[in-house]
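Spelled out from the first residue to the last, the chains are:
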Amino acid sequence: MGAGLGGLAAAVRLAAKGYRVRVLERHATPGGRCGVWESEGFQFDTGPTLLLMTDYLRKVFDDAGRRLEDYLDLRQLDPNYRVYYADGTSLEVTSRINRMLEGVERIEPGVGPRFLRFLAETAKLYTIGLAAFVDRNVHRRRDFFNVKNGLLLLRARAMERLQAMVGRYFKDERLQQAFSFQSLYLGLSPYKSPAIYSLLPYTEVAGGLYFPMGGMHAIPRALARLAGELGVDIEYGVEVSGLERDGTRIAAVRTADGRRLDADIVLVNADLPYAYESLLGERYEGIDRFDFSCSAFLMYLGVDGAYPDLPHHNLIVPGDLRRACDDIFERHQVPADPAFYICNPSKTDPSLAPEGMENIYILVPVPSQDPARPIDWAVEGPRLEAEMLQRLERFGLTDLRRRLVTKRIFTPADFQVQLSATRGEAFGLAHGIDQVGYFRPHNRHAECTNLFFVGQSTHPGCGVPMVLISSRLVVERIVAEQGAVA
Ligand SMILES: Cc1cc2nc3c(=O)[nH]c(=O)nc-3n(C[C@H](O)[C@H](O)[C@H](O)COP(=O)(O)OP(=O)(O)OC[C@H]3O[C@@H](n4cnc5c(N)ncnc54)[C@H](O)[C@@H]3O)c2cc1C
């Protein structure tokens, strides 16, 4: 159920193992959060824009006996992105180590050797973190809580605060920000995050950032094509309306168009809290105690003309990043001076916009809905849109309002309605240390032995590489528990 990246990759892997797979997807296109919006000749990716850790994408194709290159044209970006600070300075983050060293030295003279040591330490965290906690099933207590893992965490100081960790390497606040803001990718404040997530800037610098020609949506399209070749039957525009439980099994899946489909195994890619409540009619135990990630206010802007100095990926850091983060995560309000991200993918692939024009994507991190004090996005949305357009013009996107050919706004209220996100969150359940690994909802229902979960609400969590890993882990578990197909 669901043709998001996790659902599609799991369908590919199951089909490659000989399972007969049918995918039911409520939308007309694959991809879920990795969706697409087309208007006036512009093509916008609606969700993910940064492609990291491409080995995990390649592995999906390898596992099906295919070559990624036959399905996707991935290009490495250089620079990865540019960070702009309120004082007018900027930093280009790149995987070319000599240029990276020049950049950090310009901001903090003498920091070069410490930057290299930061990379070495985060490389360790990456290796340890992935092997012990991410890239394997950890639903059995003993797989997660064992002396070896405890010692690894202690040795790597993975549980200290991210800010304390970056503070040991960088004195200049701008560099501390440049190498810790990435926890926002997980919808987590860099000021509350544990140091283990410093593995994220490491993956960017060491592994590089890639872009699939044709846009990020080329990834779900490629996976859907591969699934089709392996015999998977994908039905679009079909809403699952209920899961029929018979004791410890799901006997059938009900669809909104009135069908009752028998199933031996049911794999849910939709957000887990929604699936429990709306499809099973039960609540995931303890769900009220779970933290949700932050949300995103998104603007897709088709612009006449080009901004020649605007690279593909741009991060704009406000004067007081901590205050902006505390607004989101502590005070549950839209920051008065927010951090934001601008994506200009037609810089890499001009075919995504009409000739001489650009498709600009803006992401402003905002709070997910606090049930006690929900934000009325019907009011807040237009206010923030107007404010952001002015802010973008001040930033350097001259005459933006006058040059708009098309636009679309997507708010946390849309995440609730269109993606069944319980609190309108963009990145699923939060990724604090008490909500990952064994503590995250497991990839199989506790009682229904044929009901499995894949995607960002289950282990290991949010992000394109993570949901691809989740597809491998759940398929391993299905094969182990339900038996391989002869
Ligand atoms: C704005 C934004 C920016 C992001 N940026 C990045 C990034 O730059 N890099 C990165 O790696 N990650 C990024 N992410 C995270 C990444 O996109 C997600 O973690 C990932 O795409 C989630 O995939 P998924 O398989 O969990 O499911 P989803 O994409 O949530 O898909 C679930 C699918 O289930 C379907 N479904 C739900 N209910 C039903 C039903 N009742 N019947 C039938 N179908 C149903 C939905 O329509 C959907 O297609 C971003 C996310 C967002 C929202």
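Residues numbered from 1 in each chain as written. Predicted model: local features only at pLDDT ≥ 70, side-chain atom pairs only at ≥ 80, totals over all residues.

Points about the overall build of the chain
A tally of regular secondary structure across the chain gives 16 helices and 18 strands. Over its C-alpha trace the chain gives a radius of gyration of 22 Å, about what one expects of a compact globule, namely 23 Å for 486 residues. With the C-alpha coordinates aligned to their principal axes, the bounding extent of the chain is approximately 65 × 55 × 50 Å. Burial statistics for the chain: of 486 residues in total, 50% are counted as buried. A separation threshold of at least 6 residues defines the contact pool for the chain, and within that pool the share at least 24 residues apart is 72%. (Helix = DSSP H or I, 4+ residues; strand = E, 2+ residues; numbered from the N terminus. Rg over C-alpha atoms; globule rule 2.2 N^0.38 Å. Buried ≥ 20, exposed ≤ 12 C-beta atoms within 10 Å, placed from the backbone. Contact = placed C-beta atoms within 7 Å.)

Describing unusual backbone geometry
With an omega dihedral of 5 degrees, the bond running from Asp 78 to Pro 79 counts as a cis peptide bond. By the secondary structure assignment, Pro 79 is in the loop between β4 (74–76) and β5 (81–84). Residue His 459 is joined to Pro 460 through a cis peptide bond whose omega torsion reads 0 degrees. Not every positive phi belongs to a glycine, and Asp 399 is a case in point at roughly 60 degrees.

A word on the site of the ligand
In the vicinity of the ligand there are 35 residues, among which Gly 2, Gly 4, Gly 6, Gly 32 and Gly 455 approach most closely. The set of elements that each furnish at least two residues to the shell around the ligand consists of α1 (5–16), β1 (22–25), β13 (295–304) and α16 (464–482). Top element by residues in the shell around the ligand is α1. It accounts for three residues. The residue inventory of the shell around the ligand, partitioned by class, reads 18 nonpolar, 13 polar and four charged. If you count residues domain by domain, the shell around the ligand takes at least three from each of domain 1 (5–37 + 50–76 + 213–290 + 431–482) and domain 3 (294–419). (Near = placed C-beta within 6 Å. Nonpolar A, V, L, I, M, F, W, Y, C, P; charged D, E, K, R; others polar. Domains from an automatic or database assignment.)

Re the domain arrangement of the chain
Split by domain assignment, the chain resolves into domain 1 (5–37 + 50–76 + 213–290 + 431–482), domain 2 (93–208) and domain 3 (294–419). A separation of 28 Å is found between the C-alpha centroids of domain 1 and domain 2. Contact with domain 1, which involves 19 residues of that partner, is made by 19 residues of domain 2. Tallying contributions element by element places α16 first for the side of domain 1 that touches domain 2, with four residues. Its residues placed into classes, the side of domain 1 that touches domain 2 shows eight nonpolar, nine polar and two charged.

Notes on the sheet that holds β5
Within the open sheet, the seven strands sit side by side as β6-β5-β14-β15-β16-β13-β17. Their pairing is mixed. A strand with exactly one partner marks an edge of an open sheet, and here the two such strands are β6 (90–93) and β17 (404–410). Neighbour to neighbour, the strand axes of the sheet diverge by 15 degrees on average, direction disregarded. As paired elements, β5 and strand β14 (residues 313–316) share three bridges and run parallel to each other. Looking at β14, one finds that Arg 82 is bridged to Asn 314. (Pairing = 2+ DSSP bridges. Axes fitted to C-alpha atoms, helices over the stretch in contact; angles between N-to-C directions.)

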